[in-house]
Amino acid sequence: MNFELTEEQQMIRQAARDFANTELLPGVIERDEKQEFPKELLNKMGQAGFMGMMVSPEYGGSGLDTLSYVLTMEELSKIDASASVIVSVNNSLVCWGLETYGTEEQKKKYLTRLASGEIIGAFCLSEPEAGSDATSQKTTAIDKGDHYVLNGTKNWITNGASADVYLVIAQTDREKGHKGINALIVEKGMEGFELGPKENKLGIRGSDTHSLLFNDVKVPKENRIGEDGFGFKFAMKTLSGGRIGIAAQALGIAAGAYELAKKYSQERKAFGTEICNHQAIAFKLADMHTEIQAARLLVYQAACDKDANRNYDMSGAMAKLYASKVAMETTVEAVQVFGGNGFVKEYHVERLMRDAKITQIYEGTSEIQKIVISRGILDR
Ligand code: CAA
Ligand code: FAD
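Keep in mind the model is a prediction, meaning the values are calculated, not measured.

## Regarding helix α1 (residues 7-24)
Phase 1: An ideal rise of 1.5 Å per residue puts 26 Å on 18 residues; α1 measures up with 24 Å between its terminal C-alpha atoms.
Phase 2: Close packing links the buried residues of α1 with α2 (28-34), α4 (66-79) and α5 (81-101).

Here you go:
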């Protein structure tokens, strides 16, 4: 196996690194504190080509492979995981889902603008009482001939306020179980569609997370993605790829914290020497470096599986499960390396520690990844 990056992939990684350092780093602490992500910064991410990285140029995207996308996610996440989750949802859930399963009309109407970053997308599956157990959702999309009538509440939706286009998964025929679920494209401003309260979060505070309320929203039939009853499989297939993006986010958070801890340990002195000369600290760095590299191999493997058209349900789940664990453990240790300064906002590692936790929860908790992996192993 050869993970030698092409010249193009190295350039993409460098461009993402430069963008993260020049555009995302200034203001990252303030955005976290104020729970905001300015529209101008969102526009800059679009102009930099981050919003439709894997979308074909025919629909305004960059036509890049998954590995290039993962490299970008890793670099952005080292600095600002709120920015990278916006990128992740738009790319791997919304754009990928529309390009893979949407009609030509849907792609022309929505995908081109989403890929350029002119508009932003959201993916709406979770509900107050249906997160992991996604088929038990209560939101309904009742078939009324030429349109559906949508009623219900979606919870914890990333880009909830900033999005213009929402992919909403809802029950049309409860008796048919997961085969009675549809995925609908809902536009901001449709009558009866309201934004619920904003969540006040532990981490990724720059990214907006809202509940969404649907009250008799009329959604035209041409806004359904795929055949009648395809909605749950649409969600599952889309999330399989999404999990690779979140795994890359976790990898980036871990790598960002490690790089900061390594640098600090070479500068900070205690007992007459730089703290990296104390074996307890040097071994922490050794563990972090090893674990991050192991996570990186799993993440790149999953991306390569997707690019080679191999099944990536299991490799994506393994990458997310492992990289998110490494993100959590590495960031906790990075705070320890910083001592008291690790507890202070201006040194960044406390934010990375808070941001790491979500990677074990969204796009399927770690327990759910183990269900996917064990079913894969046992061929179920
Ligand atoms: N690809 C295609 N089809 C799939 C699939 C996949 N990856 N996974 C399941 N399916 C199909 C199954 O084959 C089955 O179809 P058939 O009956 O025709 O064979 C159907 O879907 C139902 O599958 P299961 O019986 O396995 O369903 P389940 O109820 O046991 O649930 C689960 C499986 C994996 C636990 C699933 O419910 C799940 O992934 N839950 C987690 C939900 C989740 O990840 N939510 C994330 C929300 S988005 C988000 O979080 C974004 C963000 O933060 C930024
Ligand atoms: P629950 O399903 O109630 O799980 C609670 C605990 O029980 C977890 O530890 C879980 O692993 C465990 N558990 C549940 N079932 C099992 C089982 N069968 N076996 C073992 N353990 C189990 N959703 C979207 O649709 N779109 C988004 O854009 C989005 N963005 C999010 C952003 C943030 C910041 C957050 C916090 C969440 C977001 N979510 C989004 C929702 C997220 O995907 C869910 O929170 C997640 O899937 C878990 O669901 P839950 O919170 O209902 O937990």
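## Some remarks on the UniProt feature "domain: Acyl-CoA dehydrogenase/oxidase C-terminal" (unreviewed entry) in the chain
Phase 1: In the UniProt entry, the feature "domain: Acyl-CoA dehydrogenase/oxidase C-terminal" (unreviewed entry) is given for residues 231-377.
Phase 2: End-to-end, the C-alpha atoms of residues 231-377 are 26 Å apart, and along that stretch the chain is 78% helix and 3% strand.

## Examining the pairing of strand β1 (residues 121-124)
Phase 1: The alternating pattern of β1 places G121 and F123 on one face and A122 and C124 on the opposite face, and all of these are buried.
Phase 2: Where β1 meets strand β4 (residues 165-171), four bridges bridge the pair, whose relative direction is parallel. Counterpart to C124 in the pairing with β4 is V168.

## Thoughts on the site of ligand 1
Phase 1: The immediate surroundings of ligand 1 are formed by 23 residues, with A134, M236, Y362, E363 and G364 found nearest.
Phase 2: Mapped by element, the contributors of at least two residues to the shell around ligand 1 are α5, α7 (231-267) and α11 (366-377).
Phase 3: A per-element tally of the shell around ligand 1 places α7 first, with six residues.
Phase 4: Grouping the constituent residues of the shell around ligand 1 by class yields twelve nonpolar, seven polar and four charged.
Phase 5: Among the domains, domain 2 (122-229) and domain 3 (232-378) are the pair contributing at least three residues each to the shell around ligand 1.

## Brief notes about helix α9 (residues 313-338)
One turn of the α-helix equals 3.6 residues, which is why residues spaced by three or four share an orientation.
Phase 1: For α9, spanning 26 residues, the distance from its first C-alpha to its last is 37 Å, which sits close to the expected 38 Å at 1.5 Å a residue.
Phase 2: G339, located one to two residues past α9, shows a positive phi value of around 60°.

## Remarks on the site of ligand 2
Phase 1: Near ligand 2, the surroundings consist of 22 residues, among which S126, G131, S132, T365 and E367 are the closest.
Phase 2: Elements supplying a minimum of two residues to the shell around ligand 2: β1, β3 (147-158) and α11.
Phase 3: Here the element with the most residues in the shell around ligand 2 is β3; it accounts for three residues.
Phase 4: Its residues assigned to classes, the shell around ligand 2 shows eleven nonpolar, seven polar and four charged.
Phase 5: Of the domains in this structure, domain 2 (122-229) and domain 3 (232-378) are the two that each give at least three residues to the shell around ligand 2.

## Considering the UniProt feature "domain: Acyl-CoA oxidase/dehydrogenase middle" (unreviewed entry) in the chain
Phase 1: Summarizing the sequence annotation, UniProt attributes the feature "domain: Acyl-CoA oxidase/dehydrogenase middle" (unreviewed entry) to residues 122-217 in the numbering used throughout.
Phase 2: The span residues 122-217 is 0% helical and 50% strand by assignment, and the distance between its end C-alpha atoms comes to 17 Å.

## Re the environment of F123
Phase 1: With respect to the helices, strands and loops of the structure, F123 is situated in strand β1.
Phase 2: Classification of F123 as buried rests on a count of 27 C-beta atoms within 10 Å.
Phase 3: With 40 residues separating them along the chain, F123 and A163 place their C-alpha atoms 9.6 Å apart.
Phase 4: Not counting residues up to four positions away in its chain, the partners in contact with F123 are V89, L93, V94 and L167.

## Let's talk about the packing of helix α8 (residues 279-307) against α9
Phase 1: Where α8 meets α9, the axes come as close as 9 Å, and the angle between the chain directions of the two elements is 160°. Comparing the axis directions of α8 and α9 gives the class roughly antiparallel. When the axes of α8 and α9 are compared, the crossing they make is left-handed. Residues I281, K284, M288, E291, I292, A295, L298, V299, Q301, A302 and D305 of α8 pack against S315, G316, M318, A319, Y322, A323, V326, E329, T330, E333 and V337 of α9.

Cut-offs used in this document
Residues numbered from 1 in each chain as written. Chains lettered and ligands numbered in written order. Predicted model: local features only at pLDDT ≥ 70, side-chain atom pairs only at ≥ 80, totals over all residues. Helix = DSSP H or I, 4+ residues; strand = E, 2+ residues; numbered from the N terminus. Expected span 1.5 Å × (residues − 1). Contact = placed C-beta atoms within 7 Å. UniProt positions renumbered as here; feature names shortened; annotations may be inferred. Buried ≥ 20, exposed ≤ 12 C-beta atoms within 10 Å, placed from the backbone. Pairing = 2+ DSSP bridges. Near = placed C-beta within 6 Å. Nonpolar A, V, L, I, M, F, W, Y, C, P; charged D, E, K, R; others polar. Domains from an automatic or database assignment. Axes fitted to C-alpha atoms, helices over the stretch in contact; angles between N-to-C directions. Parallel < 35°, antiparallel > 145°, perpendicular 65-115°, else oblique. Left-handed = near helix turned anticlockwise from the far one by under 90°.

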